[in-house]
Amino acid sequence: HEWSAKKVRDTFLEYFNQKNGHTFVPSSSVVPLSDPTLLFTNAGMNQYKSIFLGTVDPASDFAQLKRASNSQKCIRAGGKHNDLDDVGKDSYHHTFFEMLGNWSFGDYFKKETIHFSWELLTKVYGIDPRRLYVTYFEGNDDLEPDLEAKELWKSIGVPEDHILPGDMKDNFWEMGDQGPCGPCSELHYDLREPENGVYRNAASLVNADDPEVIEIWNNVFMQYNREKDRSLRPLPNKHIDTGMGYERLVCVLQGKKSNYDTDVFTPLFKRIQEITGARDYRGKFGAEDPDGIDTAYRVVADHVRLLTFAIADGGVPNNAGRGYVVRRVLRRGARYARKYFEVEIGNFFSKIVPTLVEQMGEMFPEIRKKESDIKEILDEEEKSFAKSLDRGEAMFEKYAQKSKAKGSNDLPGDDVWRLYDTYGFPVDLTKIMAEERGLNINDKDVEDAQNKAREASKGEKKAGATLVKLDVHDLGALENMNDVPKTDDSAKY
Ligand code: ATP
Ligand code: MG
Ligand code: MG
Ligand code: MG
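What counts as what
- Positions within a chain are numbered from 1, following the residues in the order the chain's sequence is written.
- Starting at A for chains and at 1 for ligands, labels are handed out in the order in which the entities are written.
- Local features are withheld for residues below a pLDDT of 70 in this predicted model, meaning they are given only at 70 or higher, and side-chain atom pairs are given and counted only at 80 or more; totals for whole chains, interfaces and linings count all residues.
- Whether a residue is buried, exposed or partly exposed is read from the other C-beta atoms within 10 Å of its own C-beta, which are placed from the backbone; 20 or more gives buried, 12 or fewer gives exposed, and intermediate counts give partly exposed.
- Numbering of helices and strands starts at the N terminus; helices are DSSP runs of H or I of at least 4 residues and strands are runs of E of at least 2.
- Looking down the strands as they point away from the viewer, one classifies a crossover as right-handed if the path from the first strand across the helix to the second runs clockwise.
- Residue ranges assigned to each domain were obtained from an automatic or database domain assignment.
- Two residues form a contact once the distance between their C-beta atoms, set from the backbone, is within 7 Å.
- Think of it as three bins: nonpolar holds Ala, Val, Leu, Ile, Met, Phe, Trp, Tyr, Cys and Pro, charged holds Asp, Glu, Lys and Arg, and polar takes everything else, Gly as well.
- Angles run from 0 to 180 degrees between N-to-C directions of axes, and those axes are lines fitted to C-alpha atoms, restricted for helices to the stretch in contact.
- With the far helix as reference, a near helix turned anticlockwise by less than a right angle produces a left-handed crossing, and one turned clockwise produces a right-handed crossing.
- Directions from the helix axis toward the C-beta atoms define the arc.
- The labels follow the angle: roughly parallel below 35 degrees, roughly antiparallel above 145, roughly perpendicular from 65 to 115, and oblique for the rest.
- Only the C-beta atom, placed from the backbone, is used; a residue is near a molecule or strand if that atom lies within 6 Å of it.
- By definition, a nonpolar core groups buried Ala, Val, Leu, Ile, Met, Phe, Trp, Tyr and Cys residues that connect through C-beta atoms lying within 7 Å of each other.

**Student:** In this structure, what is going on with the pairing of strand 5 (residues 163-166)? I would like to understand it.
**Tutor:** Looking down a regular strand, the side chains alternate between one sheet face and the other. Residues L164 and G166 point to one face of strand 5 and are all buried, whereas I163 and P165, pointing to the other face, are not buried. Tracing the backbone out of strand 4 (residues 132-137), into helix 4 (residues 147-155) and back to the parallel element strand 5 gives a crossover that is right-handed.

**Student:** Please clarify how the domain arrangement of the protein chain should be interpreted in this entry.
**Tutor:** When the parts of a complex come together, some accessible area is lost, and that lost area is often taken as the interface size. The domain architecture assigned to the protein chain consists of domain 1 (5-253) and domain 2 (265-492). Placing the centre of domain 1 and that of domain 2 at their C-alpha centroids yields a distance of 29 Å. The interface of domain 1 with domain 2 comprises 21 residues on the first partner and 23 residues on the second. Considering only residue class, the side of domain 1 that touches domain 2 consists of 10 nonpolar, eight polar and three charged.

**Student:** Can you help me understand the packing of helix 8 (residues 293-312) against helix 12 (residues 371-405) in this one?
**Tutor:** Following both chains from N to C, one finds helix 8 and helix 12 inclined at 115°, their axes separated by 9 Å at the closest point. Of the two possible hands of crossing, helix 8 and helix 12 adopt the one that is right-handed. The residues of helix 12 that touch helix 8, namely those facing L307, T308, I311 and A312, are I374, I377 and L378. For the contact of helix 8 with helix 12, the residue count by class is six nonpolar, one polar and no charged.

**Student:** Explain helix 4 here, please?
**Tutor:** Every α-helix winds through 3.6 residues per turn, so residues three or four apart in the chain are directed the same way. Residues A149, K150, L152 and W153 constitute the buried set of helix 4. For helix 4, the buried positions fall inside an angular range of 165° around the axis, keeping them on one side. On its buried side, helix 4 packs onto helix 3 (110-124), strand 4, strand 5 and strand 7 (179-190). Of the residues flanking the end of helix 4, it is G157, one or two places downstream, whose phi is positive at about 110°.

**Student:** Explain the packing of helix 8 against helix 10 (residues 349-360) here, please?
**Tutor:** At a minimum axis distance of 10 Å, the contact between helix 8 and helix 10 shows a crossing angle of 80°. The angle between the axes of helix 8 and helix 10 places the two elements in the roughly perpendicular class. On helix 10, the residues touching V304, R305, L307 and T308 of helix 8 are F349, I352, V353 and L356. Residue composition of the contact of helix 8 with helix 10, by class: six nonpolar, one polar and one charged.

**Student:** Where do I start with the site of ligand 1 in this structure?
**Tutor:** Around ligand 1 sit 17 residues, and of these D83, F97, N218, G243 and G245 come closest. Going through the elements one at a time, strand 3 (96-105), strand 8 (213-226), strand 9 (232-245) and helix 6 (246-253) are the ones with two or more residues in the shell around ligand 1. Looking at the shell around ligand 1 element by element, the count peaks at four residues for strand 8. Partitioning the shell around ligand 1 into residue classes produces seven nonpolar, five polar and five charged.

**Student:** In this structure, what is going on with the nonpolar core? I would like to understand it.
**Tutor:** Among soluble globular proteins, nonpolar side chains are generally buried collectively. Ranked by size, the top nonpolar core spans 114 residues in total, and within it V300, V304, L307 and A310 carry the most contacts. In terms of nonpolar packing, the next biggest core, distinct from the first, is built from 15 residues, Y399, W417, Y420 and F425 among them.

**Student:** So what exactly am I meant to see when it comes to the environment of Y189 here?
**Tutor:** Counting through the fold element by element, Y189 comes out in strand 7. Considered as a pair, Y189 and M99 are 90 residues apart in the sequence and their alpha carbons are 17 Å apart.

**Student:** Where do I start with unusual backbone geometry in this structure?
**Tutor:** Phi is mostly negative for residues that are not glycine, and the peptide bonds are mostly trans. The backbone of N196 sits at a positive phi, close to 50°, despite the residue not being glycine. In this structure, N196 sits in the loop between strand 7 and strand 8. For N196, a count of 4 C-beta atoms within 10 Å translates into the label exposed. The phi angle at N207 is positive, at roughly 55°, despite the residue not being glycine. Here N207 shows up in the loop between strand 7 and strand 8. N207 gets classed as partly exposed once you count the C-beta atoms within 10 Å, which come to 18.

Structure below.
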């Protein structure tokens, strides 16, 4: 490739750090131990939160920071930004990914960051501007439309039919239920080939969940903090926070249609094939992947990245909060591996880890340093699930047949709860299995079953324990409430 994955990252960092006066700040831990409002690091800006809020310790290095740039390890598998359910199914969302970013802390603002984005993409990376679309915040009852951003894109030469307004959901970025936020302006890329040399207009496909027109870069104009009471408080200064999906950029620059067709993922696929003897990866999705093998390749490769990086940063699998996300992802991945690759569960993931370490250990030495711990923890966790995986699958089969015999397409909440409670099947895993069998799971039913079980156990325990209402995805947290931070935000864990 002209643009190897490594060269793409190096070029980004060189552009900002060597050429435009930014300071390289290493990626922060993907497990944000010091921020209880956050499940995992979900964006490059997380580590700078105190700078945005104006609460940074004046003695720390961050207090002097004006411009920064790096590649941040991110996980989006729970909390406000949760892409777990897309993994396997689409070509551009991962649970673990790198976010390339540049920041200005009270230094440059909209004009400069728009210039940087445009120059880097079109001049340095050489992307054809006819494939690019940009967006700006259209405003709402309380907030002004961001016509300044719109004008700036125009003045840099973007044609008007490539500049699109967007709503709160797409063009107002928020870190979480609380935290720094602001209007944003994004760049989207049309992966489709021109017809007879002519590009079709892709405006209607931007932000439409179309895998051929994907968002690549977000420029956030940090101006507010979302307070606990949901109000917006202006920040003491205005800042720039940007995030570009590294795997998506690599996909674009390598002329592929899917992030999984790039050298970010192909070494992992090769390793999975060596271990399992599975057929080649063909890059097909949904109905075009009838045996589910391509989907399983994607799930396993995605999940081993999350597992490796989370564990390296201290996110060990357990029954609550962050640890339960890690456990859930491992169980989901293990079940895919067993069903589609027909491998024995117990030491599967650990065999892929060395390939990932070889690939990413230079940029992120922590995974090399912790390699043997990671493998050990994965094996232990896999082995403990292997025992209940068989029995749980058999039990699921019984429940599924019971539903079908009744002529019902629903899997009752009580059954879903029992699979969780007795066999450790995370609800999202049971949902995948139900989907494979054409069965639905009603979240409300599961919640009712959970409440029933909670009431039953309450009777047995001493009164006085405060129970937090949990998302159905997060039932595991009930088993060890002490591990859940005692803030209102624990509810979203
Ligand atoms: P999308 O709309 O595609 O879900 P987003 O708006 O949620 O993306 P941002 O929060 O704006 O994403 O994050 C900045 C950038 O990070 C995105 O422009 C995208 O390139 C990348 N990104 C976001 N989520 C993922 C993911 N799950 N996997 C890979 N890259 C991602
Ligand atoms: Mg998203
Ligand atoms: Mg988006
Ligand atoms: Mg975005």
